[in-house]
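Observations on chain architecture
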Amino acid sequence: MRFIGRAITMEEKTIDAKNIGLRGVKVADTRISDVDGEKGILIYRGFNICDLVVHSTFEEVSLLLLNDRLPTGEELKGFQKILVSERGIPSAVFTLMKKLPPSAHPMDVLQASIPILASYDPELHEETREANLRKATRLIAKLPNIVASWDRIRKGLKPVRPRSKLTHAGNFLHLLSGKVPDPETARDFDICLILHAEHSFNASTFAGREVASTHAHMYASIAAAIGALSGELHGGANSEVMKMLLDIGELNWVKSWVSEKMRRGGKIMGMGHAVYHTEDPRATILRGISQRLADRTGDRHWLELTKAIEGATKEEFRRIKGKEIFPNVDFYSASVYHMMGIPTDLFTPVFAISRIAGWAAHIIEEKFAEAQPKPELYRPDSDYVGTYCGPQACEYIPVEKRTS
Ligand SMILES: CC(C)(COP(=O)(O)OP(=O)(O)OC[C@H]1O[C@@H](n2cnc3c(N)ncnc32)[C@H](O)[C@@H]1OP(=O)(O)O)[C@@H](O)C(=O)NCCC(=O)NCCS
């Protein structure tokens, strides 16, 4: 059931929209992106992602998201230059990584690195739009290095230096493997970054905006967003899809695995979406990339397995619920990243190195009220349903006299 939000009045101090995870409740205006869940359309600042993946790059899309318009050639060149010059990370981040156990989850390491970056940002507390743009640019530039360096350090390998001649996408693949990727794979990864860069008021973006609404700085807001992204119902779903692919292993297990999982009330990761009621347009594009990679590498196993799970889930969902279910952005990104040689537990951090552009745009929009009349601190309400002993409250019994 969809709840349609209504405006709060002076007489009426609360609206009842509880226990539905805020689904369908509008909490703010935004100029950054729009998701049409019925038609399966996603636009960034007015541009359809289907056009952006054909004509644009992650660098240009980042600037579009941050600035509300496509950059001129000069602006884009300048931005690319800054991104390249900001790829390095403080040695304190490497020191932290070297002290951590190799089992530390890459999302935790990424989140832990953010306050360190904050400590080295000369403009940390400068709260102008321009300074926040520069902080956003530094974060976009540095995140890939953190994710790739942690992967190498935990494996006992030396981190690799960023290469100024490579694109943002190509440089990440190089930092990870130590090898310059072929141009086709680098471009396919660039498209993945474009597709994951922004998605309106999802859980992590909302977390980031909520923290920004308290006047916390850009880095604190981003750390919150990273925490929200780590959950398996959000950004963690892509690595869960890969675990499922590895668990099922063979095509002939797909049907029984899916029906058994759903019979027990389990969720098929990467399927379904809180907003899309048709195919997520990002899934359509990622299916195409998965197909291209399978053709290029000659390894069709992961693509075929993913397609079979999609088919079996749709069939089972129709049988049990009498309705349709569609793949979301995470479903085909699993096979894509796997074929690109990215380790499974890096899938969610890879999501973060792209979504950082959208998060930063939202944090700036929130801080400077760029889509609403003035900044507002988020402060929702709740109904207390806990213990109640009457207006005088419960009698406090000292611990030594308590029997239960
Ligand atoms: C994303 C998600 C949380 C949206 O959930 P939602 O808003 O509750 O979606 P719906 O309202 O359409 O769900 C309707 C029903 O389908 C079920 N359902 C939704 N996704 C399902 C899935 N992937 N596998 C099995 N059942 C699913 C729900 O449990 C619900 O069942 P119920 O009516 O018995 O309670 C959900 O689809 C999900 O958990 N998917 C798997 C995780 C995932 O891929 N997350 C990444 C999202 S980008």
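Residues numbered from 1 in each chain as written. Predicted model: local features only at pLDDT ≥ 70, side-chain atom pairs only at ≥ 80, totals over all residues. Heavy atoms only, no water.

Some thoughts on the site of the ligand
- Lining the immediate surroundings of the ligand are 19 residues, of which Ile268, Gly270, Met271, Lys321 and Asn328 lie closest.
- At a separation of 3.3 Å, a nitrogen atom of the ligand approaches a polar backbone atom of Leu233.
- Contact distances for the ligand include 2.7 Å between a nitrogen atom and a backbone N or O atom of Ile268.
- Here the ligand has 870 Å² of accessible area as a free molecule, and 71% of this is covered by the chains. (Near = heavy atom within 4 Å. Polar contact = N/O pair within 3.5 Å; in protein donor to acceptor, adjacent residues only side chain to side chain. Areas by Shrake-Rupley, 256 points an atom, 1.4 Å probe, with all protein chains shown as cover.)

Quick word on the side chain of Asp121
- Inspection of the secondary structure puts Asp121 in the loop between helix H5 (106-119) and helix H6 (129-154).
- Using a relative accessible area of 6% as the deciding quantity, one classes Asp121 as buried.
- Within polar-contact distance, the side chain of Asp121 engages the side chain of Tyr219 at 2.5 Å.
- Other than its neighbours up to four places away in sequence, Asp121 contacts Lys135, Arg138 and Tyr219. (Helix = DSSP H or I, 4+ residues; strand = E, 2+ residues; numbered from the N terminus. Buried < 20%, exposed > 50% of the residue type's maximum accessible area, 1.4 Å probe, protein only. Contact = heavy atoms within 4.5 Å.)

Side note on the state of the cysteines
- Enumeration over the complete set of coordinates arrives at 1 disulfide.
- The thiol sulfur of Cys50 is not disulfide-bonded, and the nearest other cysteine sulfur, from Cys192, lies at 14 Å.
- Owing to a relative accessible area of 38%, Cys50 belongs among the partly exposed residues under this scheme. (Disulfide = S-S within 2.5 Å.)

Section: the packing of aromatic side chains
- This model, assessed by the stated rule, comprises 6 aromatic pairs.
- When the ring of Phe172 is compared with that of Phe189, the centres are 5.5 Å apart and the planes differ by 20°; the resulting orientation is stacked. Within this pair, whereas Phe172 is found in helix H7 (residues 168-177), its partner Phe189 is found in helix H8 (residues 183-196), the two being separated by 17 residues in sequence. Per residue, the accessibility class of Phe172 equals that of Phe189, and both read buried. (Phe/Tyr/Trp six-rings, centres within 6.5 Å; stacked < 30°, edge-to-face > 60°.)

With respect to the confidence of the model for the protein
- Here the protein averages 95 in pLDDT, and 97% of its residues register 70 or above.
- Across residues 1-6, confidence stays below pLDDT 50; counting only partners more than four residues off in sequence or on other chains, it has 13 contacts. (pLDDT = per-residue confidence, 0-100.)

Thoughts on H8
- Taking 1.5 Å per residue as the helical rise, H8 with its 14 residues ought to reach 20 Å, and the 20 Å between its terminal C-alpha atoms agrees with that figure.
- Most of H8 is tucked away, with 11 of its 14 residues classed as buried.
- Listing the buried residues of H8 in full gives Thr185, Ala186, Asp188, Phe189, Asp190, Ile191, Cys192, Leu193, Ile194, Leu195 and His196.
- With a side-chain oxygen lying 3.2 Å from the backbone nitrogen of Glu184, the N-terminal cap of H8 falls on Asp182. (Expected span 1.5 Å × (residues − 1).)

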